[in-house]
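# Examining the three-dimensional arrangement
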Amino acid sequence: GAVMGFALCGLGQLILYFTMLGYRIHYPAPADWIYLTECITGYGLGGSCIAMFGRVGGGIYTKAADVGADLVGKVVHGIPEDDPRNPATIADNVGDNVGDVAGMGSDLFGSFAESTCAALVIGSSIGLTGGWGAMVFPIIVSSSGIFVCLICSFIATDIFPVKSEKQVESALKVQLISTTILMIPAIYLAAQGFLPATFELKATVGTGVYVLHPWMAWLCVIMGTCGGLIIGLVTEYYTSHSYGPVREVANSCKTGAATNMIYGIALGYKSAIIPVLVLALVVYGSFALCDMYGVALAAIGFLSNLATGLTIDVYGPVCDNAGGIAEMAELDPAVREKTDALDAAGNTTAAIGKGFAIGSAALVSLALFGAFVTRIRHSSNDALFSVGVNILDPLTFAFLIIGGMIPFAFAALTMKSVGVAAMEMVMEVQRQFDEKPHLLDENPTERPDYDACIAISTRASLKEMIPPGAMVIFTPLFTGILFGVNAVSGLLVGALIAAVQLAISMSNSGGAWDNAKKYIEKASPDSELKGKGSDIHKAAVVGDTVGDPFKDTSGPALNIVMKLMAVLSLVFADTFYAVNGGAGLFKL
């Protein structure tokens, strides 16, 4: 996990900073640095576009295989999910890498790139009074994060190594908490060292100029860092089977799959309350201190310990795959028990990672929206947006409602894609079992056709990611060119508000169903929950299967919806303004 965490953060910063130094040769004067930061926005757009396909394509790939393998294997034939007799098992294990490692990594890389780009665009005027060091302060925050994560990684490996199964989850949690605490002094030193004693920043709304001090910037970053930790821990409370909410869901399986669904969906909606309040506080606090620049800094604070966040996140799929290999290689059942204990903690850390990703995406897209407004003001010489965005403008309000619909349309498309691909997978697995019934023998002489299942997943993910991807990419472009910049601002805000709620609730519902199933599997056959193979377990498997596309396809992909739409609007801001002075072709 650490290889991925540190490699991603290191490479991301290295390439970003060298690109900026390259552009600096072309724009040496501080007055021209606004153009430099604008060129850099392409970096965020590139990261997000690939993340879109990594997340959506990967999510469809992994869940088509997972749902297919679960439905035919566990529910119909009663064989374990990673049993070598199940034709979909290889596709399922490959899918963990595609969706949870590649998808998650590209998603968080996109967040990291875009939050830095937004902060640079909004804070480009700082370079005039503070110089280059003050302007690249956002990158300095992230780079000090790498060193903090490096120091804290020794806690898990050398200071308090894990000695029993119970310590796994707490060891991962200690990583997150310790990095957050250490970030506080680290960023204070960075702010004092690189920012001048006072520096000026143009207001996003109105004509005022803010006079800022280093401690204000530090406080904004810290708000983000602590907000991220709180959201991570709340997510853990709602998705780990060590706590009440998931145990309630597990108990609801006693009366069948329907009550399990009701409880799980309710848990997801309820779990959005605290994260949303935290986000609101962070946005208000950082905006009051440093205007939109503060929000961008808070987004960077959210991702400041990204190296550790990714480490404990990628840990999950690695353990999951290890368990799959142990079962396919028919190793001693004790091996599988160990990997399952690691994997259960991995499920929770994956949920914490998703909480981080969603929270940071919300702040990032708000910061990018601020950068979009800054950009349009610059292009129009303050003719547009000088007093902010008017929500009561009929066009803005109309598109606010349309923007709120986009995440739902997107979730519908991705859920349906998983459903279609899973049905195809079930048919294929069932066909193999019907044609060769001896595949289900205790020790079959013949292997199932794994390749056919891998081909189904690959085809489905490539074909099915086109409509949702196209919708997210073309909606802001057509809106801006046809209806103008007011419509775009409504669209972005609407999409942001709806996507946050939907993403948190979907991810947590899915995580809770998955861990409720694991909690029931741990119970002994003579206990209340009756353990593996019972009717209670079957009801839990249904919930887990429904939760798969919730938590691994639609939920996490929604944070790319809000970011990608915002960063596209920022990159094409000048194009929108060029069409009838920002009024669009229709001039409504």
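Definitions and cut-offs
- Residues numbered from 1 in each chain as written.
- Predicted model: local features only at pLDDT ≥ 70, side-chain atom pairs only at ≥ 80, totals over all residues.
- Heavy atoms only, no water.
- Helix = DSSP H or I, 4+ residues; strand = E, 2+ residues; numbered from the N terminus.
- Rg over C-alpha atoms; globule rule 2.2 N^0.38 Å.
- Buried < 20%, exposed > 50% of the residue type's maximum accessible area, 1.4 Å probe, protein only.
- Contact = heavy atoms within 4.5 Å.
- Areas by Shrake-Rupley, 256 points an atom, 1.4 Å probe, with all protein chains shown as cover.
- Expected span 1.5 Å × (residues − 1).
- Arc of directions from axis to C-beta.
- Polar contact = N/O pair within 3.5 Å; in protein donor to acceptor, adjacent residues only side chain to side chain.
- Patch = residues over 30% accessible without salt bridge, like charges linked within 9 Å, V, L, I, M, F, W, Y side chains within 5 Å.
- Salt bridge = Lys/Arg side-chain N within 4 Å of Asp/Glu carboxyl O.
- Axes fitted to C-alpha atoms, helices over the stretch in contact; angles between N-to-C directions.
- Parallel < 35°, antiparallel > 145°, perpendicular 65-115°, else oblique.
- Left-handed = near helix turned anticlockwise from the far one by under 90°.
- Nonpolar A, V, L, I, M, F, W, Y, C, P; charged D, E, K, R; others polar.
- Core = buried A, V, L, I, M, F, W, Y, C linked by side-chain atoms within 4.5 Å.
- Pairing = 2+ DSSP bridges.
- Phe/Tyr/Trp six-rings, centres within 6.5 Å; stacked < 30°, edge-to-face > 60°.
- Lys NZ or Arg CZ within 6 Å of the ring centre and 35° of its normal.

## Examining the overall build of the chain
Scanning the chain from N- to C-terminus turns up 18 helices and two strands. Scaling as 2.2 N^0.38, a compact globule of 588 residues should have a C-alpha radius of gyration of about 25 Å, and the chain matches this with 24 Å. Counting only C-alpha atoms and orienting by the principal axes, one finds that the chain spans roughly 75 × 60 × 40 Å. A total of 588 residues make up the chain; the buried ones form 59% of that total. Sequence separation of 24 or more characterises 82% of the internal contacts of the chain that already satisfy a separation of 6 or more. Accessible surface, the chain as shown: approximately 22,100 Å² in total, 69% of it carbon and sulfur.

## Examining helix α14 (residues 450-464)
In an α-helix, one turn spans 3.6 residues, which is why side chains three or four residues apart end up on the same side. In a regular helix each residue adds 1.5 Å, so 15 residues correspond to 21 Å; α14 covers 21 Å between its end C-alpha atoms and thus fits that length. Restricting attention to buried positions, one finds in α14 the residues Y450, C453, I456, S457, A460, S461 and E464. One side of α14 carries all its buried residues, which in axial view fall inside an arc of 125 degrees. Residues of α14 that are exposed and point over 90 degrees away from its buried face: D451, R459, L462 and K463. A distance of 3.3 Å separates the backbone nitrogen of D451 from a side-chain oxygen at the start of α14, and that oxygen is part of D449.

## Here's the deal with the environment of A452
Turning to its location among the elements, A452 is positioned in helix α14. Separated by 365 residues in sequence, A452 and P87 have C-alpha atoms that sit 8.3 Å apart. Apart from residues no more than four positions distant in its own chain, A452 is found in contact with E428 and Q432.

## Side note on a nonpolar patch on the surface
A cluster of nonpolar side chains, contributed by L11, L14, I15 and F18, occupies part of the molecular surface with about 410 Å² of accessible area. Tracing the backbone shows I15 in helix α1 (residues 2-26). Using a relative accessible area of 44% as the deciding quantity, one classes I15 as partly exposed.

## Re the packing of helix α10 (residues 273-302) against helix α12 (residues 333-379)
α12 packs onto α10 with a crossing angle of 110 degrees between their chain directions and a minimal axis gap of 8 Å. By the angle between their directions, the pair α10 and α12 is classed as roughly perpendicular. Seen from above, α10 lies across α12 with left-handed handedness. Every residue of α12 that contacts α10 at L279, V282, V283, M292, V295, A296, A298, A299 and F302 is listed here: F356, G359, S360, A362, L363, V364, L366, A367 and G370. Tallied by class, the residues present in the contact of α10 with α12 amount to 15 nonpolar, three polar and no charged.

## A look at the nonpolar core
The biggest cluster of nonpolar side chains holds 159 residues, and the ones touching the most others in it are M20, F137, Y293, F372, F410 and L564. In contact with Y293, other than residues within four places in its own chain, are A119, I122, G123, I126, A134, F137, P138, L201 and L212. If you look at the next biggest cluster of nonpolar residues, it comprises twelve residues, including A65, L439, C453 and I456.

## Brief notes about the side chain of R85
Mapping R85 onto the fold places it in the loop between α2 (33-77) and α3 (89-122). Within the structure, R85 has its side chain in polar contact with the backbone oxygen of D441 (distance 3.2 Å). Beyond its immediate chain neighbours, meaning those up to four positions away, R85 contacts I79, F433, L439, L440, D441, E442, P444 and P448.

## Concerning the pattern of salt bridges
Applying the stated criterion to the full structure yields 27 salt bridges. Note that D82 and R336 form a salt bridge whose closest N and O atoms lie 3.0 Å from each other. Placement of D82 in the loop between α2 and α3 and of R336 in helix α12 is noted, with a sequence separation of 254 residues between them. Note on accessibility: D82 and R336 belong to one class, buried. Of the charged contacts, one joins E327 and R336 as a salt bridge, the two residues approaching to 3.0 Å between their closest N and O atoms.

## Some details on the pairing of strand β1 (residues 199-202)
Covered by surrounding structure in β1 are F199 and L201 only, the residues E200 and K202 on the alternate face being uncovered. Note that β1 and strand β2 (residues 209-212) share four bridges and pair antiparallel. Opposite E200, over in β2, you have V211 as the bridge partner. As consecutive antiparallel partners, β1 and β2 are separated by six residues, and within that stretch G206 has a phi angle of approximately 85 degrees, a positive value.

## With respect to the packing of aromatic side chains
To describe a pair of aromatic rings, one takes the distance between the centres and the angle between the planes. Counted according to the given criterion, the structure contains 14 aromatic pairs. Aromatic rings pair up to connect Y17, W33 and W132 into one cluster. Over the aromatic face of W132 sits the side chain of R24, whose NZ or CZ is 4.2 Å from the ring centroid.

## Observations concerning the packing of helix α9 (residues 257-270) against helix α16 (residues 485-522)
Between α9 and α16, whose axes approach to 7 Å, the crossing angle comes to 135 degrees. As summarised for this structure, α9 and α16 are arranged oblique, according to the angle between their axes. As for how α9 packs across α16, the hand of that crossing is right-handed. Note on element contacts: α16 touches α9 through S505, N508, S509, A512 and W513, opposite N260, M261, G264, I265, L267, G268 and Y269. Grouping the constituent residues of the contact of α9 with α16 by class yields six nonpolar, six polar and no charged.

## Topic: the environment of A197
Relative to the helices and strands, A197 resides in the loop between α6 (167-194) and β1. The sequence separation of A197 and I40 amounts to 157 residues, and the corresponding C-alpha distance is 27 Å. Residues within four places of A197 in sequence aside, it is in contact with L212, H213 and P214.

## A closer look at unusual backbone geometry
In this structure, D291 is a non-glycine residue whose phi angle is positive, near 60 degrees. Looking at the secondary structure, you find D291 in helix α10. For D291, a relative accessible area of 2% corresponds to the buried category. Within the chain, F385 stands out as a residue other than glycine whose phi angle is a positive 60 degrees.

Worth remembering: the numbers are spatial, not functional.
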